[in-house]
Amino acid sequence: MTPMGFVVDAIGLGFFALFGGAYGLLYAASELRGERRLGYLAIASYAAQSAVLLAVVTLSALGPIWKVFLIGSGIAYYFIPRVTLRYLKNLHASGEIHS
Amino acid sequence: MTRVPSLYSSQSLALRYFTLSVALFGVMIVFGLIAATKYIHPGFLAQPLPFSMAKIMHIDVLVLWLLTAFMGSLFWLLPSEFKRDLVGMRAANVVFWLFCITIAAVAATFLFVQYGPGTDKTLWLVNQGRKYVEEPRWAAIVVAIGIAVFVYNIVGTAIAVKRITGVTWVIILNLIPLFGLYMLAFPAMTNMAVDQYWWWWLVHFWVEATWEVLIGSIVALVLMRVMNTSRNVVETWLYIEVALVLATGVLGIGHHYFWMGAPKYWLGIGGFFSALEPLPLLGMVIHAVYDAGEHKMTNQPAFYWTMLEAFGNFIGAGVWGFMITLPQINLFAHGTQWTASHGHLAFWGAYGCGVIAVIYLAVQEAGGYAQIGGRAWKWAFGLLNVGMYGMGGSLLIAGMAQAFYERAIGGSTFNAFVAAQQTPWFVEGIWMRWVFGLLFAAGYAILASNLIAISRRSRVAAAAPATLAVEGAGTR
């Protein structure tokens, strides 16, 4: 790993997590508010995260195990907001019945 | 309408803890600014206060303001859970004053004595010499006794009422490692690697395990009050959060093991599990968005600080942590201003925002306000966060320069260390940190004055509730 490569990799990993968070935030907001525009922004955020992932996987000097881990993380990022939101809706529905 | 309620004695004590906590928050900022100034002008206050002492004061008081706020939060929130006052309040009040005296005595020792000859006497009376737990041994014993009394206050009450909710179970089970891990502050091992190994257990497991669970439980109790979220929902989510945080945080300790001689396999284990940490934090962000859309709030500042806790935790611990946690990166970034940047943002997001939310909730409930709002808290909120994220960004730039020039190019030699400190990236980053530090301090001043103003209004309301009810003081 070159000195510049390590800095670029670190920045890439930061953006990877940041875009993942933006996707989760925008996805949840679009679902709750029913705003299609936010939905598009969520998709754009996930696309940006995937682009960063692709760049890190193809260009960085990280070991192959870490690249597989990052790909797995990228897939998990896609599902976490959807699964969490669905679970929360069900939980609140049952919570309101019980309380 | 303002109706001042009667308080449980534990809640009166909680208000004293919050007062102490806010004061310590200010002390932490003062020493942070002094340390930041020393980076720019190394001779600033060099004789009376060396950099190492300013840093000790900054980070030890950080631990104290959060710890006292946690204690205040539980003293404030738990009587409602138990439907009665906590037991052993006389001892708890004694402990509070013991803490005050001890903090003052230790601060005086650090400021005016500073060093000893390195004998047993130094260990007992001056400094134990381990970062974050530098307090001399006599003071560490007082802290241990204080925490033991605190555990008794909560566990004893649970036994007395014979009824424990899900949240209080989590709190009680968490108090065991919280107390037990503090015992690791005592051994004085001569083998550096072994000493560091156990020291990391204390620091890492407090910050990334027991404190995370504690703040999760506190926020769960706050959500029920601020947004009327149902207990069933809050407790279920708390169990999931605790499971995920512990699953990633416990083995994530390995990301600290790069520099201390632990076996090599820890590189992979630590990197893998700490890299998973953003995932549960992402779940918290989704939950925060959901709660913000679903529930009505009666306390704007508490609500916004609680929301920021989820986002700030994701940014500070998740994003900033993810940048530096993989072994190939951590090798260069560990121990630079980059990790200081991560530390500032993670502590702020994970803990600072959460305890400020509880303090706002407490002043609202203590004053009997139906709603709480106004403009001052917004200024405090804005300045504190612009200041903190500005500091985090500035330290990130300085830290990247340090990791790049000193570590990756220079090979961590002393010459490389000095050369990295002279690069424009580092110098300008350190300057910008100082500027944003001033903004943060301004935000703190407004926060403290806002909390004092709300508390004073409630005291006046207690004396003449009818008059203020007409004026609507403190309510919006």
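Calculation criteria
- Residues numbered from 1 in each chain as written.
- Chains lettered and ligands numbered in written order.
- Predicted model: local features only at pLDDT ≥ 70, side-chain atom pairs only at ≥ 80, totals over all residues.
- Heavy atoms only, no water.
- Helix = DSSP H or I, 4+ residues; strand = E, 2+ residues; numbered from the N terminus.
- Rg over C-alpha atoms; globule rule 2.2 N^0.38 Å.
- Buried < 20%, exposed > 50% of the residue type's maximum accessible area, 1.4 Å probe, protein only.
- Contact = heavy atoms within 4.5 Å.
- Areas by Shrake-Rupley, 256 points an atom, 1.4 Å probe, with all protein chains shown as cover.
- Buried area = accessible area lost by both parts, 1.4 Å probe.
- Salt bridge = Lys/Arg side-chain N within 4 Å of Asp/Glu carboxyl O.
- Polar contact = N/O pair within 3.5 Å; in protein donor to acceptor, adjacent residues only side chain to side chain.
- Phe/Tyr/Trp six-rings, centres within 6.5 Å; stacked < 30°, edge-to-face > 60°.
- Lys NZ or Arg CZ within 6 Å of the ring centre and 35° of its normal.
- 1 Å grid on protein atoms, 1.4 Å probe; cavity = no way out; pocket = protein on both sides within 12 Å on 5 of 7 lines; lining within 4 Å.
- Points joined across faces, edges and corners; volume = space filled by probe spheres on them.
- Nonpolar A, V, L, I, M, F, W, Y, C, P; charged D, E, K, R; others polar.
- Axes fitted to C-alpha atoms, helices over the stretch in contact; angles between N-to-C directions.
- Parallel < 35°, antiparallel > 145°, perpendicular 65-115°, else oblique.
- Left-handed = near helix turned anticlockwise from the far one by under 90°.
- pLDDT = per-residue confidence, 0-100.

**A look at the overall build of chain B**
Then, number 1: The secondary structure content of chain B amounts to 17 helices and zero strands.
Then, number 2: In terms of overall size, chain B behaves like a compact globule, its C-alpha atoms giving a radius of gyration of 22 Å where 476 residues would be expected to give roughly 23 Å.
Then, number 3: Along the first, second and third principal axes, the C-alpha atoms of chain B reach 70 × 45 × 45 Å.
Then, number 4: In chain B, which comprises 476 residues, the proportion classed as buried is 60%.

**So, the overall build of chain A**
Then, number 1: Each helix and strand in chain A was counted, giving three helices and zero strands.
Then, number 2: Its helices and strands taken in sequence order, chain A reads α-α-α from the N to the C terminus.
Then, number 3: Computed over C-alpha atoms, the radius of gyration of chain A comes to 17 Å, more than 25% over the 13 Å expected from 2.2 N^0.38 for 99 residues, which places it beyond the range of a compact globule.
Then, number 4: In terms of principal-axis extent, the alpha carbons of chain A reach across some 60 × 30 × 15 Å.
Then, number 5: Out of the 99 residues belonging to chain A, those deemed buried represent 45%.
Then, number 6: Of the contacts made within chain A by residues no fewer than 6 positions apart, 64% connect residues no fewer than 24 positions apart.
Then, number 7: Carbon and sulfur atoms form 70% of the exposed surface of chain A, whose accessible area is close to 5,100 Å².

**Some details on the interface of chain A and chain B**
Then, number 1: Facing 40 residues of chain A, the contacting portion of chain B comprises 41 residues.
Then, number 2: The junction of chain A with chain B conceals about 3,400 Å² of combined surface from both sides, 86% of it contributed by carbon and sulfur atoms.
Then, number 3: The three residues of chain A that bury the most area against chain B are F6(A), W66(A) and H92(A), which together make up 20% of that side's buried surface.
Then, number 4: Across the contact surface, chain A and chain B share zero salt bridges.
Then, number 5: The tally of links from chain A across to chain B stands at zero residue pairs in polar contact (both at pLDDT 80 or more).
Then, number 6: Put simply, the parts of the chain that give the side of chain A that touches chain B at least two residues each are α1 (3-33) and α3 (64-98) of chain A.
Then, number 7: With 19 residues, α1(A) is the single largest residue contributor to the side of chain A that touches chain B.

**Some remarks on the packing of aromatic side chains**
Aromatic ring pairs: the centre-centre distance and the angle between the two ring planes describe each pair.
All names here are of chain B.
Then, number 1: Across all of its chains, the model carries 50 aromatic pairs over all chains by this definition.
Then, number 2: Look at F404 and Y405: their rings are 5.0 Å apart centre to centre, the planes differ by 85°, and that puts the pair in the edge-to-face class.
Then, number 3: A relative accessible area of 14% means that F404 is categorised as buried.
Then, number 4: Aromatic rings pair up to connect F25, W65, F303, Y304, W305, W348, W377, F381, F440 and Y444 into one cluster.
Then, number 5: Above the ring of F96, the side-chain terminus of R16 is found at 6.0 Å from the ring centroid.
Then, number 6: We note R137 situated over the ring of W124; from NZ or CZ to the ring centre the distance is 5.6 Å.

**Here's the deal with the environment of K83(B)**
Residue and element names in this part refer to chain B.
Then, number 1: Tracing the backbone through its elements, the reader meets K83 in the loop between α2 (51-82) and α3 (89-113).
Then, number 2: Judged by relative accessible area, which is 60%, K83 ranks as exposed.
Then, number 3: With 221 residues separating them in the primary sequence, K83 and Y304 have C-alpha atoms 28 Å apart.
Then, number 4: Setting aside residues up to four positions removed in sequence, K83 forms contacts with Y8 and R163.

**Some thoughts on empty space enclosed by the protein**
Residues and elements named next belong to chain B.
Then, number 1: Inspection of every chain in the model, using the stated rule, returns three cavities of 30 Å³ or more.
Then, number 2: Roughly 250 Å³ of volume is contained in the largest cavity.
Then, number 3: For the lining of the largest cavity, the element with the most residues is helix α7 (residues 192-226), which contributes six residues.
Then, number 4: Taken together, the residues that form the lining of the largest cavity break down as 11 nonpolar, four polar and four charged.
Then, number 5: Taken as a whole, the second largest cavity encloses approximately 110 Å³ of empty space.
Then, number 6: What lines the second largest cavity is simply V63, Y132, V133, L202, V203, W206, V207, W211 and F347.
Then, number 7: Per-element tally for the lining of the second largest cavity: the top contributor is α7, with five residues.
Then, number 8: Its residues assigned to classes, the lining of the second largest cavity comprises nine nonpolar, no polar and no charged.

**Let's talk about the pattern of salt bridges**
When the charged atoms of two side chains with opposite charge come close together, those side chains can pair.
All names here are of chain B.
Then, number 1: Under the defined criterion, the tally for this structure stands at five salt bridges over all chains.
Then, number 2: For the salt bridge of R130 with D195, the shortest nitrogen-to-oxygen distance reads 2.9 Å. Note that R130 is positioned in the loop between α4 (120-125) and α5 (137-161) and D195 in helix α7, a separation of 65 residues in sequence.
Then, number 3: By relative accessible area, R130 is classed as buried at 7%.
Then, number 4: Overall, D195 belongs to the buried group, its relative accessible area being 9%.

**So, the packing of α2(B) against helix α13 (residues 337-367) of chain B**
Helix packing geometry: the angle between the two helix axes and the distance between the axes.
Residues and elements named next belong to chain B.
Then, number 1: At a closest axis distance of 10 Å, the pairing of α2 and α13 adopts a crossing angle of 40°. Classified by the interaxial angle, the pair formed by α2 and α13 is oblique. Between α2 and α13 the crossing geometry is left-handed. Of the residues in α13, those touching α2 at H58, L62, W65, L66, A69, F70, S73, W76 and L77 are H344, F347, Y351, G352, V355, I356, V358, L361, A362, E365 and A366.
Then, number 2: Among the residues forming the contact of α2 with α13, the class breakdown is 15 nonpolar, four polar and one charged.

**Focus on the confidence of the model for chain B**
All names here are of chain B.
Then, number 1: Of the residues in chain B, 94% reach a pLDDT of 70 or more, and the chain-wide mean stands at 89.
Then, number 2: Counting interchain partners and residues more than four positions distant, the pLDDT-below-50 stretch residues 465-476 has 22 contacts.
Then, number 3: Interface confidence for the predicted complex, given as ipTM, is 0.92, next to a pTM of 0.92.

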